[in-house]
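Analysis of the macromolecular model
So you can see what is in the structure, the chains are spelled out below.
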Amino acid sequence: MNPNIASVLVDEAEIDRITTRIAAEIDRDYQNTGRKLLLLCILKGSVVFMGDLMKKITLPVEIDFMKVSSYGSGTVSGGQVNILLDLHRKDLPDVDIIIVEDIIDSGRTLSYLMEYLRLKGAHSVRTCTMLDKPERRDEKLRDFRPDYVGAVIPDEFVVGYGLDYDEQYRALPYVGILRPEVYGG
Ligand code: PRP
């Protein structure tokens, strides 16, 4: 194991079970819609989860990518979400979107994107996250629940399976808790 990881929170076997379960839920929920199903990966952290999940969905799916950045996270006034890479397609009224995230923290990124994609005209927008940290939810978004959740986790500094600290650790095949001395915690 990587020496900077204190303990493994979600191991590879559990990740495999999670992606299998969520893919089956998506297969069940979107069969015979007559519309296109789009998995929308939010860069960068979601790329590993997205890759595993899409392989296990048996329905035809399209994929696309957005990149956003949020500032002011953790402040009382609330963060602002900026779109760095947008979704450009004209057929959104014929598209069911599932936003794929690695983690939900305050919930601001996902709630902003849901509203944004609905206003853009998507037929439907649902949310899927590998990890959910409900303890960190913004006060105003307390009731926000993603549609598909891999694992609910405690408020620990986690890396791996796409998640980084200072752009490191994304390629670890498991989700681990980073040793506090690494980030000065
Ligand atoms: C993370 C994560 C979500 C967001 C969740 O992305 O992938 O997009 O933060 O936080 P929120 O619920 O408080 O909005 P990050 O900004 O770390 O970018 P990255 O995926 O490129 O590492």
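Reading guide: rules and limits
Residues numbered from 1 in each chain as written. Predicted model: local features only at pLDDT ≥ 70, side-chain atom pairs only at ≥ 80, totals over all residues. Heavy atoms only, no water. Salt bridge = Lys/Arg side-chain N within 4 Å of Asp/Glu carboxyl O. Helix = DSSP H or I, 4+ residues; strand = E, 2+ residues; numbered from the N terminus. Buried < 20%, exposed > 50% of the residue type's maximum accessible area, 1.4 Å probe, protein only. pLDDT = per-residue confidence, 0-100. Contact = heavy atoms within 4.5 Å. 1 Å grid on protein atoms, 1.4 Å probe; cavity = no way out; pocket = protein on both sides within 12 Å on 5 of 7 lines; lining within 4 Å. Points joined across faces, edges and corners; volume = space filled by probe spheres on them. Nonpolar A, V, L, I, M, F, W, Y, C, P; charged D, E, K, R; others polar. Near = heavy atom within 4 Å. Polar contact = N/O pair within 3.5 Å; in protein donor to acceptor, adjacent residues only side chain to side chain. Areas by Shrake-Rupley, 256 points an atom, 1.4 Å probe, with all protein chains shown as cover. Sits in = over half its atoms within 2 Å of the grid points.

Across all of its chains, the model carries 21 salt bridges by this definition. R21 is the partner of E25 in a salt bridge, and the nearest nitrogen-oxygen pair spans 3.1 Å. With E25 and R21 both in helix α1 (residues 12-29) and four residues apart, the pair spans about one turn of that helix. Ionic pairing is found between D132 and R137, a salt bridge with its closest N-O pair at 3.0 Å. By relative accessible area, D132 is classed as buried at 6%. In the salt-bridge network here, residues are joined through shared partners; they are K36, E62, R89 and D91.

With that settled, the discussion passes to the confidence of the model for the chain. When pLDDT is averaged across the chain, the result is 94; 95% of the residues are at 70 or more. Of the regions scoring below 50 in pLDDT, residues 73-77 engages in five contacts with residues more than four places distant in sequence or in other chains.

So, on to the layout of surface pockets. Estimated volume of the largest pocket: approximately 870 Å³. Contributing to the lining of the largest pocket are 29 residues, with S70, D102, I103, D105 and T109 lying nearest its centre. For the lining of the largest pocket, the secondary structure elements donating two or more residues are β2 (36-43), β3 (62-71), β5 (95-104) and α3 (108-119). A breakdown of the residues in the lining of the largest pocket according to their chemical character gives nine nonpolar, eight polar and 12 charged.

The environment of the ligand is formed by 14 residues, the closest being E101, D102, S106, G107 and T109. Note that an oxygen atom of the ligand is positioned 2.9 Å from one of the backbone N or O atoms of K44. For the ligand, whose free accessible area comes to 500 Å², the fraction covered by protein is 78%. Structurally, the ligand is housed in the largest pocket. Listed by contribution, the elements that provide at least two residues to the shell around the ligand are β5 and α3. Per-element accounting of the shell around the ligand gives the leading share, four residues, to β5.

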